[in-house]
Every structure is written in structure tokens, then in C-alpha cells.
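Analysis of the macromolecular model
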Amino acid sequence: MSKTPRKSSKSAPELQLGRAVEWPTSPELAQLDRVPNPQKDTNYVVRFTAPEFTSLCPITGQPDFAHLMIDYVPGQWLVESKSLKLYLASFRNHGAFHEDCTVEIGKRVASAIKPKWLRIGGYWYPRGGIPIDVFWQTGTLPKGVWVPEQGVAPYRGRG
């Protein structure tokens with residue numbers, strides 16, 4: 001794999017990695033970058049953890065907080081982590097329900113990198129006394145791939 005950054009073109013925007021970029025103001029405006037997978041012939045799991053994800057309630061405008069876990073088995077592409085961080089941060093001023101945020105993130109990542117398999121777990125902190133956990137995945141896990149549990153305990157209140 002070449003270590004040279006790819007050049008920008010109309011069909012392939014320049015990677016955000018290695019340069020200063022503006023924080024995206026909405027998920028729709030966020031650029032989600034991908035890079036070639038140097039191990040494309042090997043099935044393995046990549047995990048991203050976002051323990052401080054924030055969005056806004058679309059009704060009240062109150063902040064909502066979640067612990068997100070994204071696991072995927074890459075194909076040709078990997079998610080570039082800086083762009084994922086910027087994409088997730090773009091939800092800070094975005095009003096959407098927990099279910100919509102979680103599923104939209106899963107679908108956007110899956111669309112960008114076309115993984116062999118992907119799952120997202122959204123473990124939302126309670127508001128109004130009810131925690132909401134949201135799970136979404138693409139297809140079936142490839143045979144023989146080990147995926148650890150996401151390890152996020154369900155909310156139980158004060159111990």
C-alpha cells in the first residue's frame with residue numbers, strides 16, 4: 001500500500017487525515033473517509049468505541065448521551081478514524097431520536113466502506129428514567145470470525 005496521500009478529484013475528495021479541517025456542522029455535511037484495507041484477504045474485526053457520543057433530542061433540544069460500539073469485518077476498505085471522529089461529533093447539534101442516530105451511523109459507515117459485516121450498539125444513557133439501547137447490523141458474520149462481546153453493561157442506576 002502506498003504511503004502517499006491520495007490526490008483530490010471530483011470523485012474522490014482529499015482525505016482529512018494529516019491536515020486541519022473544520023468541524024462539520026451536521027451529519028449530512030460530514031465527510032466519511034475510507035482507506036484501502038492492506039489485509040483484504042483476511043477476515044478480522046475492527047472495533048471503534050465512542051463512549052461520549054452526544055446528540056440532541058429533536059423535541060426538547062436537550063442533550064442525549066450514548067456509548068457507541070461499532071464492530072466490522074472489513075472488505076476492500078477501512079474507515080479512516082479521524083473522519084469517523086468528525087462524523088460522530090457532527091451529531092452534537094443534530095436533533096434525532098436515539099434509534100435514528102444509531103441506525104443512521106451504522107448505515108452511513110456500511111455504505112461508505114461496504115464491509116463484509118458490521119454491527120453497531122448504541123447504549124443510551126437514561127433521560128426520563130428509561131435507558132434505550134439500540135442495535136443494528138448488516139448480514140451475517142463471516143464463518144470463523146471471533147467477535148468479542150461489546151462489554152457495555154446495561155444501565156442499572158446507582159449501584
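Residues numbered from 1 in each chain as written. Predicted model: local features only at pLDDT ≥ 70, side-chain atom pairs only at ≥ 80, totals over all residues. Heavy atoms only, no water.

1. As for the sheet that holds strand S3 (residues 63–73)
What the four strands build is an open sheet, ordered S2-S3-S5-S6; its pairing is antiparallel. This sheet does not close on itself; its edge strands, each paired only once, are strand S2 (46–56) and strand S6 (130–138). Across the sheet, the mean angle from the axis of one strand to that of its neighbour is 15°, orientation sign disregarded. By the bridge criterion, eight bridges tie strand S5 (residues 117–127) to S6 in an arrangement that is antiparallel. Looking across to S6, one finds that Arg127 is bridged to Ile130. The strands touched by helix H2 (residues 98–113) are S2, S3, S5 and S6; relative to S6, the strand with the most contacts, the crossing angle is about 20°. (Pairing = 2+ DSSP bridges. Helix = DSSP H or I, 4+ residues; strand = E, 2+ residues; numbered from the N terminus. Axes fitted to C-alpha atoms, helices over the stretch in contact; angles between N-to-C directions. Contact = heavy atoms within 4.5 Å.)

2. Digging into the pairing of S3
The two faces of a sheet get side chains in turn, since along a regular strand they alternate between them. In terms of burial, S3 is a largely internal element, nine of the eleven residues being buried. As judged from the nine bridges shared by S2 and S3, these two strands associate in the antiparallel manner. From the neighbouring strand, Phe48 faces S3, where its bridge partner is Ile70. Connecting S2 to the antiparallel partner S3 that follows it, the hairpin turn spans six residues, and Gly61 within it adopts a positive phi of roughly 80°. Two elements, S3 and S5, share eight bridges in a ladder whose sense is antiparallel. Note on S5: the bridge partner recorded for Val73 is Trp117. (Buried < 20%, exposed > 50% of the residue type's maximum accessible area, 1.4 Å probe, protein only.)

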